[in-house]
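Spelled out, the chains give:
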Amino acid sequence: MTDFSLQAVERLRDLSYFQWYVIPLLAFIFYVYAVEIEKRNWNVVLTGLAFWAADWFNEIVNSLVLHFTGYAPIWAEPGQSAYLILVGLNIETMFMFSVAGIVWSKMLHPDKNFKYLKIPNRWAVAIFGSVFCVLVEYFLNSADALTWDWPWWSRSMPLLIVIFGYMWFFVFAFWVHDMKTMQKKLRTVATIWAIDVIGVVVFGFILKWI
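My aim in this report is to walk through the structure given alongside it, one point at a time. (Residues numbered from 1 in each chain as written. Predicted model: local features only at pLDDT ≥ 70, side-chain atom pairs only at ≥ 80, totals over all residues. Heavy atoms only, no water.)

Some details on the pattern of salt bridges
Now for step 1: Across all of its chains, the model carries two salt bridges by this definition.
Now for step 2: One salt bridge in this structure joins Lys-106 and Glu-36, with 2.9 Å as the shortest N-O distance. Of this pair, Lys-106 sits in the loop between helix 4 (91-105) and strand 3 (115-116) while Glu-36 sits in helix 2 (residues 22-38), and the two are 70 residues apart along the sequence.
Now for step 3: Look at Lys-106 and you get partly exposed, because its relative accessible area is 47%.
Now for step 4: A salt bridge links Asp-178 to Arg-122; its shortest N-O distance comes to 2.8 Å. You can see Asp-178 sitting in the loop between helix 6 (158-177) and helix 7 (182-206) and its partner Arg-122 sitting in helix 5 (residues 121-142), a full 56 residues away along the chain.
Now for step 5: What makes Arg-122 buried here is its relative accessible area of 10%. (Salt bridge = Lys/Arg side-chain N within 4 Å of Asp/Glu carboxyl O. Helix = DSSP H or I, 4+ residues; strand = E, 2+ residues; numbered from the N terminus. Buried < 20%, exposed > 50% of the residue type's maximum accessible area, 1.4 Å probe, protein only.)

Things to note about the packing of helix 3 (residues 42-69) against helix 7
Packed helices, taken two at a time, are described by the angle between their axes plus the distance between the axes.
Now for step 1: The N-to-C vectors of helix 3 and helix 7 enclose an angle of 25°; their axes lie 9 Å apart at closest approach. Between helix 3 and helix 7, the angle falls in the class roughly parallel. Judged by the sense of rotation from one axis to the other, the crossing of helix 3 with helix 7 is left-handed. Here Trp-42, Asn-43, Leu-46, Leu-49, Ala-50, Trp-52, Ala-53, Ala-54, Trp-56, Phe-57, Ile-60 and Leu-64 of helix 3 lie close against helix 7, whose contacting residues are Met-182, Lys-185, Leu-186, Val-189, Ile-192, Trp-193, Ile-195, Asp-196, Gly-199, Val-200 and Phe-203.
Now for step 2: In terms of residue class, the contact of helix 3 with helix 7 is built from 19 nonpolar, two polar and two charged. (Axes fitted to C-alpha atoms, helices over the stretch in contact; angles between N-to-C directions. Parallel < 35°, antiparallel > 145°, perpendicular 65-115°, else oblique. Left-handed = near helix turned anticlockwise from the far one by under 90°. Contact = heavy atoms within 4.5 Å. Nonpolar A, V, L, I, M, F, W, Y, C, P; charged D, E, K, R; others polar.)

Things to note about the nonpolar core
Now for step 1: The biggest cluster of nonpolar side chains holds 55 residues, and the ones touching the most others in it are Met-94, Phe-170 and Phe-174.
Now for step 2: The set of elements that each furnish at least two residues to this core consists of helix 2, helix 3, strand 1 (84-86), helix 4, helix 5, helix 6 and helix 7.
Now for step 3: The element that contributes the greatest number of residues to this core is helix 3, accounting for 12 residues.
Now for step 4: With sequence-adjacent residues up to four places away left out, Met-94 is seen in contact with Trp-52, Trp-56, Ile-85 and Leu-89. (Core = buried A, V, L, I, M, F, W, Y, C linked by side-chain atoms within 4.5 Å.)

Digging into the side chain of Ser-105
Now for step 1: Tracing the backbone shows Ser-105 in helix 4.
Now for step 2: Other than its neighbours up to four places away in sequence, Ser-105 contacts Val-44, Thr-47 and Phe-174.

A word on the packing of aromatic side chains
Within a pair of aromatic rings, the relevant descriptors are the distance that separates the centres and the angle that separates the planes.
Now for step 1: Using the criterion set out here, one finds 24 aromatic pairs in the structure.
Now for step 2: On the basis of an interplanar angle of 85° and a centroid distance of 5.5 Å, the ring pair of Phe-51 and Phe-169 is categorised as edge-to-face. Separated by 118 residues along the polypeptide, Phe-51 in helix 3 and Phe-169 in helix 6 bring together distant segments of the chain.
Now for step 3: Between Phe-51 and Phe-170 the ring centres are 5.0 Å apart and the planes differ by 85°, which places this aromatic pair in the edge-to-face class. Residue Phe-51 is found in helix 3, and its partner Phe-170 is found in helix 6; the two are separated by 119 residues along the sequence. There is no split in this pair, since Phe-51 and Phe-170 are both buried.
Now for step 4: It is Arg-155 that lies over the ring of Tyr-138; its NZ or CZ is 4.9 Å from the centre. (Phe/Tyr/Trp six-rings, centres within 6.5 Å; stacked < 30°, edge-to-face > 60°. Lys NZ or Arg CZ within 6 Å of the ring centre and 35° of its normal.)

These results come straight from atomic positions and should not be treated as a statement about function.
Structure follows, in structure tokens:
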């Protein structure tokens, strides 16, 4: 197991690292969702939940990579954190992803056929957002806050990070956003969250693989 992986495993779900700033961060998340619910912006709320669920799916897969290889996850977060939930997901990152979909949905044009720089706006936001997020990851990686140990997921191979690390989050969330019926939106978001919950329960609490 790599040094970064060992550091992450050592910090995993250790409450001794808890910091009180988690509480105001949690209040901020509640506020963001409460504002959108008050306005009945259900599209925005469900886009946010879809984006967040997509990240949880990635994080579960990432943790399973460490379990099955015994070498390293695809990414790890071994640095300072108030609470490391999974080897590649600390509580600060989780809070960020919980509202990221809401933030990016605000950049969508009401007309899905409208183009930004001659690119359909959904795809334009997805591409720009994914590249922006990877650039942020480059900064975090330079500080060893977010680490990569596999050569195919690294600074020299950003395309995989862009596509599988982020872009599918955007595509999935915007797909939910544009669904024609609320029933379909709710069913789709509930399905991916059910998969995530089952994954955490089975691989985390029962098998203790993640």
